[in-house]
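Working through the structure, step by step
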Amino acid sequence: MNFTLPYDQYLAIHRYKYLALYHALRAAILEGILPGGTRLPSTRRLAELYLVSRGSASQVYDMLLADGYIKTEKGRGTFVSDDSFFPAAGGEPVYREDSTDHQVVDSPRAGAGFNPAGEEIRTSDREFLEPGAVPLSSWGERLMDRQVSIYGQAGEDAISFRSSGMRIEHFPYGEWRSALNYAGGKGGGMLEGYCPPQGEESLRRAIAAHLRITRGIRADAEQIVLFSGSMQGIVLLVQLLLEPGETAVVEDPGFHGIRRAVEIGGGKLLPGRVDESGLVPEDWAARLLFVTPSRQFPTGAVLPLDRRRSLLEWARRQEAVIVEDDYDSEFRWGGRPIEPLKALDREDRVVYIGSFSNSVFSGLRLGFAVLPPSLVGPVTAAKALYEPLPGAQLEQRALARFMSTGGYSRHLRRMTRIYGERARMFRALLNERLGMLFQPLPGDSGLHIYARWLRSEQEYSAFREAALQRGADFRDVALYRIGPGSPAACFSFSHLDAEALEEGVNRLLLAWKDVQKYT
């Protein structure tokens with residue numbers, strides 16, 4: 001179907017097309033222009049009508065669905081919800097009198113300072129919607145402009161192939177509890193101990209020892225700074241290394257958190273092309289590069305040695321810094337260990353980022369960076385600004401104990417075996433039952449499988465909606481792209497046992513049958 005929305009007027013207010021389209025659709029629904037039960041165009045058709053990417057169109061529908069303005073019906077499509085017209089307290093929508101277009105500025109769904117997508121309204125939105133609201137800085141505006149929904153819409157009984165961490169029954173809780181008791185000291189005597197901004201020294205020594213053995217990285221504890229998760233370290237590095245308006249190279253597709261950190265920091269994105277072997281080196285005009293060489297995110301490609309050396313040579317010529325995100329290399333069940341860029345770095349151009357959230361348990365928000373000597377002081381000072389007294393001091397000491405007594409290594413060996421079995425089983429299920437839909441990329445490590453979609457874009461959109469209706473959820477790779485690209489999916493499997501993996505694949509197969517039935 002074709003319909004007209006006040007899209008251009010909203011585009012003048014919201015600098016991003018997907019936000020303009022979201023607000024235009026929402027206003028049309030609230031004003032009754034699109035009454036309950038109206039069938040909406042497919043994401044592909046919506047993208048064609050308003051010249052946005054299919055990923056952006058899908059995100060608009062996801063936001064409207066989360067807010068209850070629209071609904072999906074298996075095999076039929078997307079419709080305006082029957083109860084989506086919400087008058088304000090006085091019985092009518094509230095409009096801005098001096099606006100050139102009647103635009104809803106209040107509804108029972110919107111809280112003060114927030115739009116119906118659950119995002120805080122940026123300065124230009126506040127000026128339009130809430131006179132007198134506190135204005136944000138340019139950084140604050142960029143932050144609120146780039147909110148990303150990473151959560152699926154499947155119900156409580158759904159089988160989610162989105163990452164949700166390790167199942168806690170596999171974690172050696174007895175050993176961890178013993179480490180916590182040790183960290184607290186006799187009678188709790190160490191609970192009041194001081195931890196420097198760069199983190200607990202005993203844990204930094206343990207990390208340095210672990211990296212020397214497992215990753216071939218020669219580093220001292222003094223070169224390591226701990227963070228509340230790896231993203232904190234990435235954000236601080238962007239603030240320290242990138243001036244507003246300067247360019248940073250990021251992988252495309254790549255981790256959306258890195259992309260947001262650069263943009264919110266005022267930097268410009270320079271997409272780095274990714275092929276079946278990972279990032280393709282070029283002579284970029286930039287002084288900062290983010291890369292995942294050991295296992296490219298999200299494709300899982302391993303960067304060959306010649307490309308690694310090319311990146312290091314580029315950094316030398318440009319006097320650039322390479323931030324190496326080694327997000328899940330701990331789990332490898334085939335092939336030889338991959339030597340990280342940091343182990344090849346002879347000119348102190350590489351910052352190595354790691355995390356314990358995947359290898360221990362997701363609630364332990366601890367990340368770390370191995371820094372060139374010249375960056376230790378600035379990064380420590382930035383960390384001290386945000387956290388003069390670091391959090392999780394007890395957990396840091398406990399993890400140091402857990403590592404030094406061998407518990408961490410034993411845990412990694414056990415989980416590598418379990419994850420390897422699940423990866424092989426899940427890959428076989430994908431090939432056997434969904435081989436006509438997906439082509440999983442090869443891999444022998446990591447906690448998710450990247451799979452190319454083999455059918456049309458329209459069928460992919462219908463399949464995603466049908467899968468949610470069947471109670472199966474997975475990540476759309478469009479979230480990780482800067483430019484256009486062919487449809488693909490990421491399937492995390494580490495948190496699912498054999499029964500859940502098989503049931504999840506069966507639900508995906510049923511979803512495809514639904515698509516075939518109604519198209």
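A short tour of the structure in this document, coming up. (Residues numbered from 1 in each chain as written. Predicted model: local features only at pLDDT ≥ 70, side-chain atom pairs only at ≥ 80, totals over all residues. Heavy atoms only, no water.)

One finds Ile207, Phe356, Phe368 and Leu399 to be the most contacted residues of the largest nonpolar core, which totals 35 residues. Elements supplying a minimum of two residues to this core: α7 (173-184), α8 (201-214), β5 (224-227), β12 (367-370), α14 (393-404) and α15 (407-434). When sequence neighbours within four positions are dropped, the list of residues in contact with Phe356 reads Ile207, Phe361, Leu364, Leu366, Phe368, Leu399, Met403 and Tyr408. (Core = buried A, V, L, I, M, F, W, Y, C linked by side-chain atoms within 4.5 Å. Buried < 20%, exposed > 50% of the residue type's maximum accessible area, 1.4 Å probe, protein only. Helix = DSSP H or I, 4+ residues; strand = E, 2+ residues; numbered from the N terminus. Contact = heavy atoms within 4.5 Å.)

As summarised here, the arrangement of the three strands in space is β1-β3-β2, forming an open sheet in which the pairing is antiparallel. What marks the edges here is a single partner per strand, and that holds for β1 (39-40) and β2 (70-73). Looking at chain direction, β2 and strand β3 (residues 77-80) are connected through four bridges and run antiparallel. The residue of β3 that forms the bridge with Lys71 is Phe79. Sheet contacts for helix α4 (residues 54-67): β1, β2 and β3; angle to β2, the most-contacted strand, approximately 105°. (Pairing = 2+ DSSP bridges. Axes fitted to C-alpha atoms, helices over the stretch in contact; angles between N-to-C directions.)

Before going further, it helps to spend a moment on α14. The end-to-end C-alpha distance of α14 is 17 Å, a good match for the 16 Å that 12 residues give at a rise of 1.5 Å each. For α14, the set of buried residues is Gln393, Gln396, Arg397, Ala398, Leu399, Ala400, Phe402 and Met403. One or two steps after α14, the chain reaches Gly406, where phi turns positive at roughly 90°. (Expected span 1.5 Å × (residues − 1).)

Let's shift gears to the pairing of strand β7 (residues 268-275). Two faces, one strand: in a regular strand the side chains alternate between the faces of the sheet. Direction of pairing for strand β6 (residues 247-252) relative to β7: parallel, over a ladder of six bridges. Across the sheet, residue Asp252 finds its bridge partner in β7, namely Arg273. For the crossover from β6 across helix α10 (residues 256-264) to β7, the handedness is right-handed. Where β7 and strand β8 (residues 278-279) come together, two bridges link them in antiparallel fashion. Within the sheet, the bridge partner assigned to Asp275 lies in β8 and is Gly278. Where β7 hands over to β8, the hairpin turn is made up of two residues, counted between the paired strands. (Right-handed = clockwise from strand over helix to strand, strands pointing away.)

If you trace the backbone, His448 turns up in strand β14 (residues 448-453). Along the primary structure His448 and Ala423 are separated by 25 residues, whereas in three dimensions their C-alpha atoms are 8.1 Å apart. Ignoring any residue separated from it by four or fewer positions in sequence, one finds His448 in contact with Arg295, Phe297, Pro298, Tyr327, Arg475, Cys490, Phe491, Ser492 and Phe493. In this structure the side chain of His448 is engaged in a polar contact, spanning 2.8 Å, whose partner is the backbone oxygen of Pro298. (Polar contact = N/O pair within 3.5 Å; in protein donor to acceptor, adjacent residues only side chain to side chain.)

Below, the discussion takes up the environment of Leu242. With respect to the element layout, Leu242 can be found in the loop between α9 (230-241) and β6. For the pair Leu242 and Arg287, spaced 45 residues apart in the sequence, the C-alpha separation amounts to 8.4 Å. Non-local contacts of Leu242, meaning those with residues more than four positions away in its chain, are made with Leu237, Thr247, Ala248, Val262, Gly267 and Leu288.

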